[in-house]
Amino acid sequence: SERTFIMVKPDGVQRGIVGDILRRFEQRGYKLVGLKLLQAPRALLESHYEEHKGKKFYEPLLSYIGSGPVVAMVWEGLNVISVGRKMLGATDPAKSEPGTIRGDYAIVTGRNIVHGSDSEKAAQREIDLWFRAEELANWSLTVNPWIYE
Ligand code: GTP
Ligand code: MG
């Protein structure tokens, strides 16, 4: 099993979609191991988005994600990194399938509601960046036998 970092961006918080995003991951059967709301400092966002430094959307992106509180979370389960990305939908909401989070709630790339780690390496890096070890709960989901074969 693996863990991924999912973040509701400030537009998702403002638009009241936090509960729905939590619900989707919970109801899919994934286990929530970390959750907090915070106004991300600039340095944290610079580190989080270091792969995009220098691109033309970099400054607008940091300004967008820093414009209000975000909800940071860590979810655990089988293939949660790749399945989580599918649940989010394509980066450009115009290409996101209806039924995905972006496909249900977003129109443009620069206001696409949610972030999800794109690889095991990114997930580990982002979880370490956003959470201290003590902020992650080690618990077992007692319904696991009804979720996994
Ligand atoms: P995240 O899960 O947020 O990382 O999205 P992603 O992995 O699907 O996309 P990527 O990492 O390439 O880009 C990170 C974020 O930058 C996107 O989710 C968008 O919010 C923003 N972004 C990426 N490309 C563009 C762009 O061309 N224009 C604008 N305005 N924003 C962009
Ligand atoms: Mg990305």
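To keep things clear, this report deals only with the structure shown in the data block. (Residues numbered from 1 in each chain as written. Chains lettered and ligands numbered in written order. Predicted model: local features only at pLDDT ≥ 70, side-chain atom pairs only at ≥ 80, totals over all residues. Heavy atoms only, no water.)

Re unusual backbone geometry
Now for step 1: The phi torsion at Asn79 lies on the positive side, around 55°, for a residue other than glycine.
Now for step 2: Mapping Asn79 onto the fold places it in the loop between strand E3 (70-77) and helix H5 (80-88).
Now for step 3: Here Asn79 falls in the partly exposed class, since its relative accessible area comes to 41%. (Helix = DSSP H or I, 4+ residues; strand = E, 2+ residues; numbered from the N terminus. Buried < 20%, exposed > 50% of the residue type's maximum accessible area, 1.4 Å probe, protein only.)

Some thoughts on the site of ligand 1
Now for step 1: In the vicinity of ligand 1 there are 14 residues, among which Lys9, Arg85, Thr91, Asn112 and His115 approach most closely.
Now for step 2: In this structure, Thr109 approaches ligand 1 through a main-chain N or O atom, which is 3.2 Å from an oxygen atom.
Now for step 3: Computed on the free molecule, ligand 1 has an accessible area of 590 Å², of which 77% lies beneath the protein chains in the complex.
Now for step 4: Per element, the largest residue contribution to the shell around ligand 1 is three residues, and it comes from strand E4 (residues 114-116). (Near = heavy atom within 4 Å. Polar contact = N/O pair within 3.5 Å; in protein donor to acceptor, adjacent residues only side chain to side chain. Areas by Shrake-Rupley, 256 points an atom, 1.4 Å probe, with all protein chains shown as cover.)

Shape descriptors only; they carry no functional weight alone.
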